[in-house]
Amino acid sequence: MASSQVHYSVVHHSVDHPRICSNKIHKRRRRRRRCICLLVTLGVLLLLGVTLLVLFLTVLRVRDPTTRLVSARLVGFTPSLTPPLQFNVTMLLTVAVHNPNPASFAFDSGNAQLRYRGVLVGDAAVEPGRLPSRGDANVTMVMTVLSDSFGAELAQLVQDLEAGAVPLDAGAAIPGKVAVFRVFKLRAVAYSDCHVVFGVPEMQVRSQVCSDHTKL
């Protein structure tokens, strides 16, 4: 009689250990925290970018100053004692400058030039100074005009003097730094070009048209 063998199959059910479950929960929490930190960081960077953009478009955007020749006073006249007729004229120019920016402008030594009908007839040095934010300041410069600089236009100058009005073109370039909140400092150059009609009888500026701009 054949002996019957009974085979028993044992089925093992996998049961997670409590410690393993705890580790999985901690990993999920860490991942969630990392995602939250990443989203918060991206939000802060986006907000910072928008803030800097608004700041640049409003505060950091440099606006052009405005200039106005207040007075041109004759302080010296030196004629030559021998022919041909020559003379040197020294003029004291006072220019009013308005700074519309919410930032001060500290400028270095600059240069101003005077032209008569396209001919360079005089120049002057602009001393260093500072323009307050949204403020005004007067810039004074001494300009020397030489008669021999007029060249072929000297005869026309005599006619303009007899007519009582001399047209002149003045230009200036002043380098400096724009200081915003005393933290941001931007290099800038302020340019000014003015067409001036100088009245001879009254020895004053009769009319003027100025164009000003700033280049970063």
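Fair warning: this is a prediction, and the values are worked out from it, not measured in the lab.

Take the overall build of the chain next. The helix and strand inventory of the chain stands at 2 helices and 10 strands. Each helix and strand of the chain, ordered N terminal to C terminal, gives the series α-β-β-β-β-β-β-β-α-β-β-β. Across the 216 residues of the chain, 27% fall into the buried class. Pairs at least 24 residues apart make up 63% of the contacts formed inside the chain by residues separated by at least 6 positions.

Together, Arg30, Arg31, Arg33 and Arg34 make up a region of like positive charge exposed at the surface. Among the residues examined, Arg31 registers a relative accessible area of 57% and is labelled exposed.

Volume-wise, the largest pocket comes out at about 460 Å³. What lines the largest pocket is a set of 19 residues, and nearest its centre among them are Phe87, Val89, Leu157, Leu161 and Val166. Those elements giving two or more residues to the lining of the largest pocket turn out to be β1 (66-79), β2 (87-98), α2 (154-163) and β8 (165-180). Top element by residues in the lining of the largest pocket is α2. It accounts for 4 residues. Its residues assigned to classes, the lining of the largest pocket comprises 19 nonpolar, no polar and no charged.

A separate point is the pairing of β2. Extensive coverage of β2 is indicated by the burial of 9 of its 12 residues. Sheet topology note: the β2/strand β7 (residues 136-146) ladder contains 11 bridges and is antiparallel. Bridge pairing in β7 places Val95 opposite Val139.

The next point concerns the packing of aromatic side chains. Considering all chains together, one arrives at 2 aromatic pairs under this definition. Ring geometry for Tyr116 versus Phe150: centroids 5.4 Å apart, planes at 65°, classification edge-to-face. Taken together, the positions of Tyr116 in strand β4 (residues 110-116) and Phe150 in the loop between β7 and α2 put the pair 34 residues apart, joining distant regions of the chain. Among the residues examined, Phe150 registers a relative accessible area of 6% and is labelled buried.

This part covers the pattern of salt bridges. For the structure shown, the criterion picks out 2 salt bridges. Across the pair Asp108 and Arg187 runs a salt bridge whose closest N-O atoms are separated by 3.9 Å. Taken together, the residues span a long stretch of sequence, with Asp108 in the loop between β3 (104-107) and β4 and Arg187 in strand β9 (residues 184-199) at a distance of 79 residues. According to the relative accessible area criterion, Asp108 is partly exposed, its value standing at 37%. Arg187 sits in the partly exposed class, given a relative accessible area of 47%. Between Arg117 and Asp160 there is a salt bridge, and its shortest N-O distance comes to 3.1 Å.

To continue, consider the side chain of Ser192. Secondary-structure assignment places Ser192 in strand β9. Looking at Ser192, its side chain comes within polar contact range of the side chain of Thr67, at 2.8 Å. Excluding anything up to four places from it in sequence, Ser192 contacts Thr67, Ala170, Gly171, Ala172, Ser211 and Asp212.

Calculation notes
Residues numbered from 1 in each chain as written. Predicted model: local features only at pLDDT ≥ 70, side-chain atom pairs only at ≥ 80, totals over all residues. Heavy atoms only, no water. Helix = DSSP H or I, 4+ residues; strand = E, 2+ residues; numbered from the N terminus. Buried < 20%, exposed > 50% of the residue type's maximum accessible area, 1.4 Å probe, protein only. Contact = heavy atoms within 4.5 Å. Patch = residues over 30% accessible without salt bridge, like charges linked within 9 Å, V, L, I, M, F, W, Y side chains within 5 Å. Areas by Shrake-Rupley, 256 points an atom, 1.4 Å probe, with all protein chains shown as cover. Salt bridge = Lys/Arg side-chain N within 4 Å of Asp/Glu carboxyl O. Lys, Arg positive; Asp, Glu negative; His and termini not counted. Charge placed at Lys NZ, Arg CZ, Asp CG, Glu CD. 1 Å grid on protein atoms, 1.4 Å probe; cavity = no way out; pocket = protein on both sides within 12 Å on 5 of 7 lines; lining within 4 Å. Points joined across faces, edges and corners; volume = space filled by probe spheres on them. Nonpolar A, V, L, I, M, F, W, Y, C, P; charged D, E, K, R; others polar. Pairing = 2+ DSSP bridges. Phe/Tyr/Trp six-rings, centres within 6.5 Å; stacked < 30°, edge-to-face > 60°. Polar contact = N/O pair within 3.5 Å; in protein donor to acceptor, adjacent residues only side chain to side chain.

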